[in-house]
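What follows is each chain in one-letter form.
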Amino acid sequence: MANVLLLRARSQEEDRYETAFTEAGYHPISVPVLETVTTNLSTLKDIIKNGPAAENFDGVILTSARSCEAWKSSVNELIKDTMGEDSWSHIPFYVVGQATASALADVRRMYGQTPYTPEIIHGESSGTGERLAQYIRDLPVKPTRLLLLTGDKNRDTVPSILGDAGIGLQSLKVYETQESRTFEQDLSQALGQATFYRWWIIHFAPSAAKLVTPILANRFDFASKDPHTGSSISQPRVAAIGSVTSAFLRDELHIHVHVAPLKPTPQDLVAAIIEYDRDS
């Protein structure tokens, strides 16, 4: 088997990626690459409290767990005050994957039924922002105006697809990301926890990959493009979550991607890696 370096923060509760890899016999280690800083929360709280009818929203798009955290933080503040009268419970929330859907469902698990609790969640099997936008575009009854919660490094794919379909969109940046100040130290500790000789490195986002590749290059050799030579700590095997991340690693960083599962779920990632290891 192999060590698995997961380049993202570990979930506070049970981490589904670490659990899936451990159950498959691998040794997963999560190392945070980015630090997240929330922004525009006062604006988001006003939007949530005023309700969807105030700005004619008939849907909300969240493409990351961090945008869900922003909604949850806002709800945590709002429930301390007088509740708004207009409810979001009848409004569909569109998410890009199971992790995002689970993060959004935490609002109900933590606060129960409130006017601000998302009750209708769609799109969790879409896997990418592009496919989610296509899913919304192709609905039998299209929404007319959506609220899109974004970070500071979002591509324009979703606005472009929905805009071309005549669907109105209001974007609100609710978080910003910056490089973790302790990444090198955390990486050294992770390498010291290795229980196997071989390594898999899992990339989750282009922005994070760009930040950490110079540091990883001091520890690993990514020069070889032969998919069957990545069998030591100097030549790790690389997996990418999402087609955008895979293309960025290949085209911009010139790193060979051995595995890119069709869906960004822990089960699909582990299955793809097991299959690759078995056949190589």
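Residues numbered from 1 in each chain as written. Predicted model: local features only at pLDDT ≥ 70, side-chain atom pairs only at ≥ 80, totals over all residues. Heavy atoms only, no water.

Take the pattern of salt bridges next. Counted according to the given criterion, the structure contains 15 salt bridges. A salt bridge links Arg8 to Asp15; the nearest nitrogen and oxygen atoms lie 2.8 Å apart. Assessed through its relative accessible area of 15%, Arg8 is described here as buried. A salt bridge links Asp277 to Arg198; the nearest nitrogen and oxygen atoms lie 3.8 Å apart. Here Asp277 is found in helix H10 (residues 266-279), whereas its partner Arg198 is found in the loop between helix H7 (183-192) and strand S10 (199-203), with 79 residues between them in sequence. Overall, Asp277 belongs to the buried group, its relative accessible area being 16%. Among the charged side chains, a network of salt bridges with common partners joins Glu69, Lys72, Asp106 and Arg109. (Salt bridge = Lys/Arg side-chain N within 4 Å of Asp/Glu carboxyl O. Buried < 20%, exposed > 50% of the residue type's maximum accessible area, 1.4 Å probe, protein only. Helix = DSSP H or I, 4+ residues; strand = E, 2+ residues; numbered from the N terminus.)

With that settled, the discussion passes to the sheet that holds strand S8 (residues 168-173). What the five strands build is an open sheet, ordered S6-S5-S4-S7-S8; its pairing is parallel. In this open sheet, the two edge strands, each paired with only one partner strand, are strand S6 (120-122) and S8. Neighbouring strand axes in the sheet, compared pairwise and without regard to direction, differ in orientation by 25° on average. Sheet topology places strand S4 (residues 60-62) next to strand S7 (residues 145-150); three bridges connect them, and they run parallel. Paired with Ile61 across the bridge in S7 is Leu148. (Pairing = 2+ DSSP bridges. Axes fitted to C-alpha atoms, helices over the stretch in contact; angles between N-to-C directions.)

Here we take up the sheet that holds S10. Spatially, the four strands line up as an open sheet ordered S2-S1-S10-S11, and their pairing is parallel. Of all the strands in the sheet, the pair left with one neighbour each is strand S2 (27-30) and strand S11 (237-240). Taking the axes of each pair of neighbouring strands and ignoring which way they run, one obtains an average angle of 20° across the sheet. Where S10 meets S11, four bridges bridge the pair, whose relative direction is parallel. Of the residues in S11, the one forming a bridge with Ile202 is Ala239. Taken strand by strand, helix H9 (residues 243-251) contacts S10 and S11, and its axis lies near 140° from that of S11. Relative to S10, H10 is tilted by about 145°, and along the sheet it contacts S10 and S11. (Contact = heavy atoms within 4.5 Å.)

Glancing now at the environment of Ser102. Within the secondary structure, Ser102 sits in helix H4 (residues 98-111). Considering only alpha carbons, one finds Ser102 and Cys68, 34 residues apart in sequence, at a separation of 9.2 Å.

A few words on the nonpolar core. If you look at the biggest cluster of nonpolar residues, it comprises 26 residues, and the most contacted ones within it are Leu44, Val60, Trp71, Trp88, Phe93, Leu147 and Leu149. Mapped by element, the contributors of at least two residues to this core are helix H2 (41-50), S4, helix H3 (65-78), strand S5 (92-95), H4 and S7. For Val60, the contacting residues outside a window of four places in its chain are Trp71, Trp88, Ile91, Pro92, Phe93, Tyr94, Leu146 and Leu147. (Core = buried A, V, L, I, M, F, W, Y, C linked by side-chain atoms within 4.5 Å.)

Another point: the side chain of Ser246. Residue placement: Ser246 occurs in helix H9. What makes Ser246 buried here is its relative accessible area of 11%.

Once that is clear, we can look at the packing of H7 against helix H8 (residues 206-216). Relative orientation and spacing of two packed helices are given, respectively, by the angle between their axes and the distance between those axes. Where H7 contacts H8, the two axes come as close as 11 Å, and the packing angle between them is 60°. Comparing the axis directions of H7 and H8 gives the class oblique. Between H7 and H8 lies a crossing whose hand is right-handed. Residues Phe183, Glu184 and Leu187 of H7 form the contact with H8, whose participating residues are Val212, Ile215 and Leu216. In terms of residue class, the contact of H7 with H8 is built from five nonpolar, no polar and one charged. (Parallel < 35°, antiparallel > 145°, perpendicular 65-115°, else oblique. Left-handed = near helix turned anticlockwise from the far one by under 90°. Nonpolar A, V, L, I, M, F, W, Y, C, P; charged D, E, K, R; others polar.)

Residues Pro92 and Tyr94 line one face of S5 and the alternating positions Phe93 and Val95 line the opposite face, and both faces are buried. As defined by bridge partners, S4 adjoins S5 across three bridges and the pair is classed as parallel. Note that in S5 the partner of Ile61 across the bridge is Tyr94. Note on the crossover from S4 through H3 to S5: the handedness is right-handed. Across three bridges, S5 lies against S6 in parallel orientation. Looking at the pairing, Phe93 lines up with Ile121 of S6. Between the parallel pair S5 and S6, the chain is carried across by H4, and the sense of this crossover is right-handed. (Right-handed = clockwise from strand over helix to strand, strands pointing away.)

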